[in-house]
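Chains, contacts and geometry: an overview
Spelled out from the first residue to the last, the chains are:
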Amino acid sequence: MFEGKVVIVTGGTRGIGLEIARKFAKEKAQVIIFGSKEESVTKAIELLKKEDIVVEGYYPNLNNEAEVTDVINKIYATYKHIDVLVNNAGISASKKITETTYEEFTHIMDVNVNAMFNMIKAVTPYMQKQKDGVILNTSSMVSIYGQPSGVGYPTSKSAVNGLTKSLARELAPFNIRVNAVAPGIINTDMVKNLPKDVIEPLIKTIPLGRIGEPADVANAFIFLASPMASYITGVVLSVDGAARS
Ligand code: NAD
């Protein structure tokens with residue numbers, strides 16, 4: 001479905017993003033992963049190479065507009081089109097508000113929201129010129145109902161939903177679709193670090209009776225990027241085993 005398409009995945013070095021990169025590459029896309037560090041990007045490229053999957057990688061500071069624009073310009077100069085942007089990089093939070101510093105709160109907003117702004121701003125002129133493009137953002141089920149601590153995280157993901165819905169309207173005249181995926185509890189490093197006594201009661205609350213796998217989430221991204229979703233824009237698609245309800 002994606003032969004010849006150029007797909008950029010931020011946070012593509014592990015977890016959900018790595019699986020998104022893998023699935024797009026298996027669908028024959030030219031995949032470009034962005035990570036936070038050179039080592040993690042190299043590690044992911046090497047890991048995928050062992051599976052006969054070739055991807056390219058960069059590690060710009062996503063909060064530096066000039067650095068992001070520079071890398072995006074280079075990618076466009078090489079491929080002459082950018083078809084899909086997946087904004088997946090993200091960090092979590094768990095402290096109570098009284099223990100959270102202003103710097104910690106704004107750091108979450110920087111990584112989860114402001115970086116997304118930089119990425120989207122950099123690719124949009126190219127997608128507008130092409131009159132074609134798909135932008136997908138990783139939200140979270142907690143954007144819908146919050147969580148009992150770590151207020152910065154649901155705050156940032158609610159902002160992701162707002163950004164998604166607004167840009168869907170703004171960019172629709174250019175045939176650019178903008179959607180988000182809101183995963184539930186997914187089996188990645190982010191969740192593996194949670195203590196057993198936190199995770200086990202959580203699993204009991206999931207109607208489908210299990211936590212999700214990165215592939216469950218990556219499939220939703222593939223669908224939303226594909227022509228199968230050609231009339232879908234401005235949605236936040238829950239992929240959470242109905243845990244939200
Ligand atoms: P992860 O920690 O395994 O991966 C996070 C990715 O983001 C990594 O590739 C990392 O390099 C990148 N990243 C983190 N900080 C960065 C920074 N400052 N600059 C650039 N890249 C940075 O986490 P994951 O579980 O795979 O999460 C991926 C996305 O899914 C995140 O946006 C997360 O909020 C969201 N999410 C995860 C879950 C879950 O249960 N795992 C649930 C809902 C939403």
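Described in the following lines is the structure provided in the data block. (Residues numbered from 1 in each chain as written. Predicted model: local features only at pLDDT ≥ 70, side-chain atom pairs only at ≥ 80, totals over all residues. Heavy atoms only, no water.)

Before going further, it helps to spend a moment on helix H6 (residues 152–171). The end-to-end C-alpha separation of H6 is 28 Å, in line with the 28 Å expected for 20 residues at 1.5 Å each. Among the residues making up H6, those that are buried are Gly-152, Tyr-153, Pro-154, Ser-156, Lys-157, Val-160, Asn-161, Leu-163, Thr-164, Leu-167, Ala-168 and Leu-171. On its buried side, H6 packs onto helix H4 (102–130), strand S5 (133–138), helix H5 (142–145), strand S6 (176–183), helix H7 (189–192) and strand S7 (236–239). (Helix = DSSP H or I, 4+ residues; strand = E, 2+ residues; numbered from the N terminus. Expected span 1.5 Å × (residues − 1). Buried < 20%, exposed > 50% of the residue type's maximum accessible area, 1.4 Å probe, protein only. Contact = heavy atoms within 4.5 Å.)

The subject of this paragraph is unusual backbone geometry. Backbone geometry places Lys-28, a non-glycine residue, at a positive phi of 75°. Locating Lys-28 in the fold gives a position in the loop between helix H1 (15–26) and strand S2 (30–34). Given a relative accessible area of 53%, Lys-28 falls into the exposed group. Although it is not a glycine, Asp-52 sits at a positive phi angle of roughly 65°. Secondary-structure assignment places Asp-52 in the loop between helix H2 (38–49) and strand S3 (56–58).

A cluster of nonpolar residues, Met-1, Phe-223, Met-228, Val-235 and Leu-237, forms a patch on the protein surface that exposes about 460 Å² of accessible area. Residue position: Met-1 is located in the segment before strand S1 (6–10). Given the relative accessible area of 53%, Met-1 is considered exposed. (Patch = residues over 30% accessible without salt bridge, like charges linked within 9 Å, V, L, I, M, F, W, Y side chains within 5 Å. Areas by Shrake-Rupley, 256 points an atom, 1.4 Å probe, with all protein chains shown as cover. Salt bridge = Lys/Arg side-chain N within 4 Å of Asp/Glu carboxyl O.)

We now examine the packing of aromatic side chains. The final tally for this structure, using the stated rule, is three aromatic pairs. Ring geometry for Phe-2 against Phe-24: centres 4.9 Å apart, planes inclined by 70°, an arrangement best described as edge-to-face. Taken as a pair, Phe-2 in the segment before S1 and Phe-24 in helix H1 lie far apart in primary sequence, 22 residues in all. Accessibility assignment for this pair places Phe-2 and Phe-24 in one class, buried. The interplanar angle of 75° and the centroid separation of 6.1 Å between the aromatic rings of Phe-34 and Tyr-58 together place this pair among those described as edge-to-face. Of this pair, Phe-34 sits in strand S2 while Tyr-58 sits in strand S3; the two residues are 24 residues apart in sequence, bridging distant segments of the chain. For Phe-34, a relative accessible area of 1% translates into the label buried. (Phe/Tyr/Trp six-rings, centres within 6.5 Å; stacked < 30°, edge-to-face > 60°.)

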